[in-house]
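Listed here are the chains, written in short residue letters.
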Amino acid sequence: MTLQREADLGTPDVPGGEPVTVSINGVGVSVPAGISVLRAAALAGQPVPKLCASDSLEPFGSCRLCLVEVEGRAGTPASCTTPVADGMSVVTESPRLARLRRGVMELYISDHPLDCLTCPANGDCELQDMAGVVGLREVRYPEARATHADAPVDTSTPYFTFDATKCIACSRCVRACDEVQGTFALTIAGRGFDSHVAASAGEPLFGSECVSCGACVQACPTATLQETTVIELGLPTRHVDTTCAYCGVGCSFRAELRGDTLVRMVPSKAGGANEGHSCVKGRFAWGYATHRDRVTEPMVRESIDEPWRVVSWDEAIGVAARGFSALRDAHGAGAIGGITSSRCTNEEVFVVQKMVRAAFGTNNVDTCARVCHSPTGYGLKQTFGTSAGTQDFASVEQADVIVVIGANPTDGHPVFASRMKRRLRQGAQLVVIDPRRIDLVRSPHVAATYHLAVRPGANVAIVNAMAHVVVTEGLVDADFVAQRCEADTFARWAQFVAGPENSPEATEELTGVPASLVRAAARLYAAAPNAAIYYGLGVTEHSQGSTMVMGMANLAMATGNIGRRGVGVNPLRGQNNVQGSCDMGSFPHEFAGYRHVSDDAVRAVFESVWHAALDPTPGLRIPNMLDAAVAGTFRGLFVQGEDIAQSDPNTAHVKAALASLDLLVVQDLFLNETAAFAHVFLPGTSFLEKDGTFTNAERRINRVRPVMPSRTGMQEWEVACALATAMGYPMGYDSSAAIMDEVAATTPTFAGVSFEVLDRLGSVQWPCTPEAPAGTPIMHVDRFVRGLGHFVPTPFVPTDERTTRRYPLVLTTGRILSQYNVGAQTRRTANVAWHPEDVLEIHPHDAEDRGIVDGSAVRVASRVGETVLRALVSDRMPAGVVYTTFHHPVSGANVVTTEFSDWATNCPEYKVTAVQVGLLVTPPAVPVAAPASEPGPLPART
Amino acid sequence: MSGAGDPAPGEASLVRMANQTAANVTGTDPSEAAGAVAAHLRTFWSPVMRGDLARLAAQGQAPLRPEVLAALALLAAPA
């Protein structure tokens, strides 16, 4: 049995083409103008043989297999490079074409190993298929000919091999790297017979610029580029469509299995977010799901210094339920609460927040978005009316100017970055506002027009300065403002930003950005036909994060860059379901759909459906819970799929709070850092076992389908239901689909969402309502969600975190491509090959002052803690600023981050920590990450 | 170094958050400051947190900004 591949129509679609009629082998067919004859024939159900063509790549015309005859034209043109024309008559099969194709195939096969029966791609090889299609029966060339039989095999990367003996030099891999991924790591080196695929300057793939996105593997028509898992396990025989569980891009994948064994994850061309592309995490780093560190049985213990005891589900849930009930009875419902996870499905999150509100009896529920994009929720709701990115990802293809602020898409959101880079290669201009010289500032065929290397903490001053230029230089889109926005708030805002204190010249010393650059960037943004803002945690994770979000929204409204394709204010969400976890009512002041708990009408809806009295006042946020735990007034916490002991700031404070709890229940895949303080451990399910939905950064709701049975025997929502029920609040659903039905019944923006709709349409972007049954790709088209756009003055209030003589440097943190957040997943994959430890990037001047060289062990100390890292001397950071990632717990990046947070949302100020860095003359064992596979002590079984 | 009269860590957080809110919402129009701070506390702070802040204010030792004190007065006033 062979897996059914996704259809490949040979060349890309050309949207917008008027219909033309062509005849394919005498059969008339109506197709869009501009597409190739190859694609037209495939659409007509009469596919033409091909090798170098793929509908994910531009036509290349190299293999000469797709030759056709066109009436009235001489010769046999390649159908992939021949566009259709109205009235064209094409013949795809004739004796002449058959002879030519057999000749071409004979040449290919004459230099190809005839080991099909033992080849890993046997049955999934286009070369093999085409040999059969063209009827090749013999190869006439002598066996003593020159061949590539001794060509090298590159096994340097963990996830796929490059076997040059099987390469037909079709360039599909090279073109995929160029066109799809945009890395340009591959090339065809040599000439004639010596032509061969080479990475960078002839280096092994692992040491080259290759980012292991898998686009080349996907494109390869032979076994030249082959997944290691296919070589080891054999070809898959069936597939399940599902959604990646890494970043907020939310790529759609075909999980391809052999029997019940997952063999590979292949990006789905039908996926609205990724359209057939992937990154090294989603494509390859899924092995954590079956890693031996997985805990699959519930465990309990009386106190955190005792060993774990494996127990039944009933016992674990009973212990948790009795514990929470006792705390509630003794200290009130305000003494307990829960944290939901952006790694979990909408359905799992909805059920946990319902459990907290209805069964615990409190609004003390929060989510990990608290530490990433909570300012987005606040800022966009204030200005536009709802917490949502305004565009779909495809919108960037119409942007003329792209402004990236505080984001590093090539590392954090790589599949969207590829889409963005494609647009930049087409000519869109780029402005990067970031202290660090991220890859987008200059990479192959992409260069930022302006890089505003703003000092950490000065974002608001920059956006105000840009707004100052827009207002004082007459660049406001007066028509848009007059028709779509509040006149009074605009006037107040305009007066504010026009103040001389906000000019680029006045703020230059503060921001560190030359005024001329700010003015030029503002003019470029304001004058563009379509200008779009994309931003990340470099915006939100500041003490003024919410102010900055509102500042960007103000700027977009003032310049009319809202409400159509190519524009917008677009948060690049960190985790796979940050958007969804927020949508599902995870914040302590809001029900699902961002409606305040004090709204009597909204509360009545939930009270009616849930049959429970609900608290009309806001609950505690995560930092408030931790403070209250230390103070002794907060005593019991349920943590769903989060590792706050590693991810949240000021680790010492977090651990002190966790250690203060009478009851900590952790639901997770692994015994993470937080679980060290837990009394009950409820094993969670990986995304490969879940049944539900994720919502990505463009509000796209995608199905997550179970690829394999739950290794714990339970779905996570079933566990939450059991816990609520054991606490005296009966809660249960027949399926996860029924949970989404409840969301739809209670939440207007999800009214049209159901698993049936998602299965039928593939995905929808909320709002999905009776008025917009297929969803809403672009928001605020005719009016803002709140009616008229609301301008908010954004005075710059500096952070209280200041550099001093004792702590003279600013530490800022971020991510790297191969790792994901706290690394719980990626550290348990071969991705550690790229990033085995977190390092401290330090400017050469700061390094020299301290006697630090590459590889030095350095002590990084802030006023709250210190850690040891290895140094990487780099001029990516400006002098005075150092940078690290937080993927390895042993590095303890958050040991040094502080309690300061965004004024409106308490989102931690990860991006600004005053530190000192010193060379360790006699270093202790530098914390290089231990392999995550080292098993801990086995729990006792009862 | 904390002294005997310093607020507990949770109390210090409340004071810092309230003052920070006041600083950020009052930058352009001080006349609206108290109302804006009160609205923020009512929308986002739990009743326990508001109560703790009010208690600290009543004790008179917490370094609260005038806008916060005015906001607390608004919150305490009958609806």
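Counting starts from 1 at the beginning of each chain's written sequence and moves along it residue by residue. Working convention: letters from A go to chains and numbers from 1 go to ligands, in the order in which they are written. Local features in this predicted model are restricted to residues of pLDDT 70 or higher, and side-chain atom pairs are both shown and tallied only at a pLDDT of 80 or more, whereas totals for entire chains, interfaces and linings draw on every residue.

### Some thoughts on the overall build of chain A
So, step 1. The helix and strand tally for chain A stands at 29 helices and 38 strands.
So, step 2. Across its three principal directions, the C-alpha atoms of chain A cover 90 × 75 × 65 Å.
So, step 3. We call a residue exposed when 12 or fewer other C-beta atoms sit within 10 Å of its C-beta, buried when the count reaches 20 or more, and partly exposed for counts in between; the C-beta positions come from the backbone. Out of the 942 residues belonging to chain A, those deemed buried represent 59%.
So, step 4. Contact criterion: two residues are in contact if their C-beta atoms, reconstructed from the backbone, are within 7 Å. The long-range fraction of contacts in chain A, counting pairs at least 24 apart against all pairs at least 6 apart in sequence, stands at 72%. For helices the rule is a DSSP run of H or I covering at least 4 residues; for strands it is a run of E covering at least 2, with both sets numbered from the N terminus onward.

### Brief notes about the sheet that holds strand S30 (residues 700-704) of chain A
All names here are of chain A.
So, step 1. Judged by pairing direction, the sheet is antiparallel, and its three strands sit side by side in the order S29-S30-S31 without closing on themselves. The sheet terminates laterally at strand S29 (692-695) and strand S31 (763-765), the two strands that pair on one side only. Each strand axis lies, on average, 30 degrees off the axis of its neighbour in the sheet, ignoring direction.
So, step 2. Pairing analysis gives three bridges linking S30 to S31, with the strands arranged antiparallel. Its bridge partner being in S31, arginine 700 is matched across the sheet by glutamine 765. Here the rule is simple: two strands pair whenever DSSP picks up at least two bridges between them. Simply put, an axis is a line fit to the C-alpha atoms, just over the touching stretch for a helix, and the angle between two N-to-C directions goes from 0 to 180 degrees.

### Some thoughts on the packing of helix H10 (residues 374-383) of chain A against helix H19 (residues 545-558) of chain A
Residue and element names in this part refer to chain A.
So, step 1. Following both chains from N to C, one finds H10 and H19 inclined at 40 degrees, their axes separated by 8 Å at the closest point. It follows from the interaxial angle that H10 and H19 lie oblique. Handedness of the crossing formed by H10 with H19: right-handed. Across the interface between the two elements, Pro375, Thr376, Tyr378, Gly379, Leu380, Gln382 and Thr383 of H10 pack against Gly545, Ser546, Val549, Met550, Ala553 and Asn554 of H19.
So, step 2. In this classification, Asp, Glu, Lys and Arg are treated as charged, Ala, Val, Leu, Ile, Met, Phe, Trp, Tyr, Cys and Pro as nonpolar, and every other residue, Gly included, as polar. Residue classes in the contact of H10 with H19 are distributed as six nonpolar, seven polar and no charged. An angle below 35 degrees is treated as roughly parallel, one above 145 as roughly antiparallel, one from 65 to 115 as roughly perpendicular, and anything else as oblique. Helix crossings are classified by the rotation of the near helix relative to the far one: an anticlockwise turn of less than a right angle makes the crossing left-handed, while a clockwise turn makes it right-handed.

### A short note on the pairing of strand S33 (residues 839-842) of chain A
Residues and elements named next belong to chain A.
So, step 1. Because side chains alternate across S33, one face comprises the buried residues Val839 and Glu841, and the other comprises Leu840 and Ile842, equally buried.
So, step 2. Of the strand pairs in this sheet, S33 and strand S35 (residues 866-873) are connected by four bridges, and their pairing is parallel. Note on S35: the bridge partner recorded for glutamate 841 is leucine 872.

### Topic: the domain arrangement of chain A
So, step 1. Where each domain starts and ends follows an automatic or database-derived domain assignment. Here chain A is described as being made up of domain 1 (19-133), domain 2 (310-372 + 578-738), domain 3 (374-412 + 460-571) and domain 4 (809-919).
So, step 2. For domain 1 of chain A versus domain 4 of chain A, the distance between C-alpha centres works out to 53 Å.

### Points about the interface of chain A and chain B
So, step 1. Each side of the interface is counted separately: chain A has 19 residues, and chain B has 17 residues.
So, step 2. For the side of chain A that touches chain B, the element with the highest residue contribution is helix H22 (residues 622-631) of chain A, accounting for five residues.
So, step 3. Residue classes in the side of chain A that touches chain B are distributed as 10 nonpolar, eight polar and one charged.

### Considering the confidence of the model for chain B
All names here are of chain B.
So, step 1. pLDDT expresses, on a scale from 0 to 100, how confident the predictor is about each individual residue. The predicted model of chain B has a mean per-residue pLDDT of 85, with 85% of residues at 70 or higher.
So, step 2. Segment residues 1-7 is flagged for pLDDT under 50; beyond a separation of four residues in sequence, or across chains, it makes five contacts in the model.
So, step 3. Among the scores for the predicted complex, ipTM is 0.91 and pTM is 0.94.

### Digging into helix H2 (residues 95-110) of chain A
All names here are of chain A.
So, step 1. The end-to-end C-alpha separation of H2 is 22 Å, in line with the 22 Å expected for 16 residues at 1.5 Å each.
So, step 2. Listed as buried for H2 are Leu97, Arg101, Val104, Met105 and Tyr108. Each buried residue of H2 lies within a common arc of 95 degrees when the element is viewed along its axis, so the set occupies one face. Exposed residues lying more than 90 degrees from the buried face of H2 are Pro95, Arg96 and Arg99.
So, step 3. Against strand S3 (69-70) and helix H3 (126-133) lie the buried residues of H2. Multiplying 1.5 Å by the helix residue count minus one yields the expected span of that helix. Here the arc refers to the set of directions running from the helix axis out to each C-beta atom.

### Observations regarding the environment of tryptophan 45 of chain B
So, step 1. Within the element layout of this structure, tryptophan 45 of chain B appears in the loop between helix H2 (33-44) and helix H3 (47-59).
So, step 2. Considered as a pair, tryptophan 45 of chain B and alanine 18 of chain B are 27 residues apart in the sequence and their alpha carbons are 10.0 Å apart.
So, step 3. Each residue touching tryptophan 45 of chain B, except ones within four places of it in the same chain, is listed here: Pro618 of chain A together with Arg50 of chain B.

### A word on the sheet that holds strand S9 (residues 225-227) of chain A
Residues and elements named next belong to chain A.
So, step 1. Strand order in the open sheet formed by three strands is S5-S6-S9, and the pairing between neighbours is antiparallel. Every other strand in the sheet has two partners, leaving strand S5 (153-154) and S9 as the edge strands with one partner each.
So, step 2. One ladder, built from three bridges, connects strand S6 (residues 160-163) with S9; its direction is antiparallel. Paired with phenylalanine 162 across the strands is leucine 225, a residue of S9.

### Details of the packing of helix H9 (residues 346-360) of chain A against helix H26 (residues 736-746) of chain A
Residue and element names in this part refer to chain A.
So, step 1. At their nearest, the axes of H9 and H26 sit 9 Å apart, and the two run at 65 degrees to each other. Taken together, H9 and H26 sit at an angle that is classed as roughly perpendicular. As H9 runs across H26, the sense of the crossing is left-handed. For the pair H9 and H26, contact is made by Asn346, Glu347, Phe350 and Val351 and by Ser736, Ile739, Met740 and Val743, respectively.
So, step 2. In terms of residue class, the contact of H9 with H26 is made up of five nonpolar, two polar and one charged.

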